[in-house]
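Reading the structure
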Amino acid sequence: MLPEGSFNLAQADVTAQKQKPGCTGCNNEQPLGFDFEFAFQPIVDLENRTIFAHEALVRGPNGESAQSVLAQVHDKNRYQFDQACRVKAVASAARLGMTTFLSINFLPNAVYQPEACIQSTLKAARDHNFPHDRIIFEVVESEQVLDRAHLLNIFKKYASLGFHTAIDDFGAGYSGLNLLSEFQPTILKLDMDLIRNIDTNPARQAIVKGIVLMSDMLNIRLVAEGIETREEKLYLQSIGIKLMQGYFFCKPAFKALGDIPEHAWE
C-alpha cells in the first residue's frame, strides 16, 4: 500500500529519461535536498498468529504526512529519492531489530538499469546485516507505469537476485490481469476498495473469491489490505485469505514496529 497521497508515476518526464545514456542516473550523486523518515505497518499472518512483514511508509522527519514528502519529489530528484528510500528503509528495519519481511515501495520510472540500480540496496543489506531475501519490492498496479516491459524486466531481475515482489492495490487499475499473465509476483495485495464492507457486499465477495482461486492456481500469496472491522477480517479469513494489513490490526508506527492487540487475532 503506497502511503497516503501517493506519488503518480505518470508524472515522470520520458524525454528526460531518454536523454540519460546507459545508467547515468545511477551515477548522479546530487543530494536529495530534504529529509524523511518511515512509519512501519505490520502485515499479519492469521494462520500462524505472527507478523509476516512490515511495510515501510514514508513520513516527514517529525512524522508529517507522506504527501508533505512526496510533494518535494520531481523529475530531477526522483532517482535519488527512490534510492534513498530503499537504503533508509533497510537501515531503519535493521536498527529496529526487524526479523520479518520488509516491504518497500519503489518507483519503476526511477530505475534506469535494474541490475545497476539495485546495487545500493544490496550494499545496504550487507552493511546492516539484513538478509536481502527478506526484502519485498512492491509497485502499485493502478499507477500508470510508462513502460510495462521495463517494469517486467525490473521484476524479473529482482526475483533472479533473490528479492520478493508484490503488486499493490490489485484490482484498482485496468492492467492488472495483463501484467499478471506476463509475470507472477510473490504477493498480490488486494485494493482496499474491494475489501471495504466485503462482508455485506455480494459483488465484492464474488470478485475476491475469484482472485483467491486465481492466486492459488498461480501459487501467489494474497494480502488483504485496508482491514478496518472484525467483520471484514472474519469474512476474508473464511474464504482462505491468511495475510492481512490495516488499522484493525495496527496503524503505521512512526520509527517503530507497532504492536498487535490480542483481540485482533481472535
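See the structure printed just above.
Let me sum up the structure you'll find in this document. Because the structure is predicted, anything quoted here is derived from the model rather than measured. (Residues numbered from 1 in each chain as written. Predicted model: local features only at pLDDT ≥ 70, side-chain atom pairs only at ≥ 80, totals over all residues. Heavy atoms only, no water.)

1. Examining the pairing of strand 3 (residues 101-105)
For strand 3, the tally of buried residues reaches four of five residues, placing the bulk of the element in the interior. Sheet topology places strand 2 (residues 50-59) next to strand 3; four bridges connect them, and they run parallel. Note on strand 3: the bridge partner recorded for His 54 is Leu 102. Direction of pairing for strand 3 relative to strand 4 (residues 135-140): parallel, over a ladder of four bridges. Bridge assignment links Ile 104 to a residue of strand 4, and that residue is Phe 137. (Buried < 20%, exposed > 50% of the residue type's maximum accessible area, 1.4 Å probe, protein only. Helix = DSSP H or I, 4+ residues; strand = E, 2+ residues; numbered from the N terminus. Pairing = 2+ DSSP bridges.)

2. Let's talk about the nonpolar core
By size, the foremost hydrophobic cluster in this structure holds 70 residues, and its most contacted members are Phe 36, Phe 81, Leu 102, Val 208, Leu 236, Ile 241 and Phe 249. Contact partners of Leu 102, with chain neighbours within four places excluded, come to Phe 40, His 54, Ala 56, Ala 89, Val 90, Ala 93, Phe 130, Arg 134, Ile 135 and Ile 136. (Core = buried A, V, L, I, M, F, W, Y, C linked by side-chain atoms within 4.5 Å. Contact = heavy atoms within 4.5 Å.)

3. Quick word on the packing of helix 3 (residues 78-95) against helix 5 (residues 119-127)
In contact at an axis separation of 9 Å, helix 3 and helix 5 are set at 15° when each is read in the N-to-C sense. Put simply, helix 3 runs roughly parallel to helix 5. As for how helix 3 packs across helix 5, the hand of that crossing is right-handed. Each of Gln 83, Arg 86, Val 87 and Val 90 in helix 3 lies in contact with helix 5, whose residues at this interface are Ser 120, Thr 121, Ala 124 and Ala 125. Partitioned by chemical class, the residues of the contact of helix 3 with helix 5 number four nonpolar, three polar and one charged. (Axes fitted to C-alpha atoms, helices over the stretch in contact; angles between N-to-C directions. Parallel < 35°, antiparallel > 145°, perpendicular 65-115°, else oblique. Left-handed = near helix turned anticlockwise from the far one by under 90°. Nonpolar A, V, L, I, M, F, W, Y, C, P; charged D, E, K, R; others polar.)

4. Describing the environment of Lys 255
One can find Lys 255 in the segment after strand 9 (253-254). Separated by 196 residues in the primary sequence, Lys 255 and Arg 59 have C-alpha atoms spaced 9.4 Å apart. Leave out the neighbours within four places in its chain, and Lys 255 touches Glu 37, Phe 38, Ala 39 and Leu 96.

5. Side note on the side chain of Gln 83
Summarising the element assignment, Gln 83 is placed in helix 3. The exposure class assigned to Gln 83 is buried, which follows from its relative accessible area of 9%. Polar side-chain contacts of Gln 83 include one of 2.3 Å to the side chain of Ser 120. Ignoring anything within four residues of it in the chain, the contact list for Gln 83 reads Cys 117 and Ser 120. (Polar contact = N/O pair within 3.5 Å; in protein donor to acceptor, adjacent residues only side chain to side chain.)

6. What to know about the packing of aromatic side chains
To describe a pair of aromatic rings, you give the distance between the ring centres and the angle between the ring planes. By the definition in use, this model includes 13 aromatic pairs. Consider the rings of Phe 38 and Phe 40, whose centres lie 6.2 Å apart with planes at 40°: the pair is tilted. Under the relative-accessibility criterion, Phe 38 is labelled buried at 4%. The ring of Phe 130 is capped by Arg 134, whose NZ or CZ atom sits 4.6 Å from the centre of that ring. (Phe/Tyr/Trp six-rings, centres within 6.5 Å; stacked < 30°, edge-to-face > 60°. Lys NZ or Arg CZ within 6 Å of the ring centre and 35° of its normal.)

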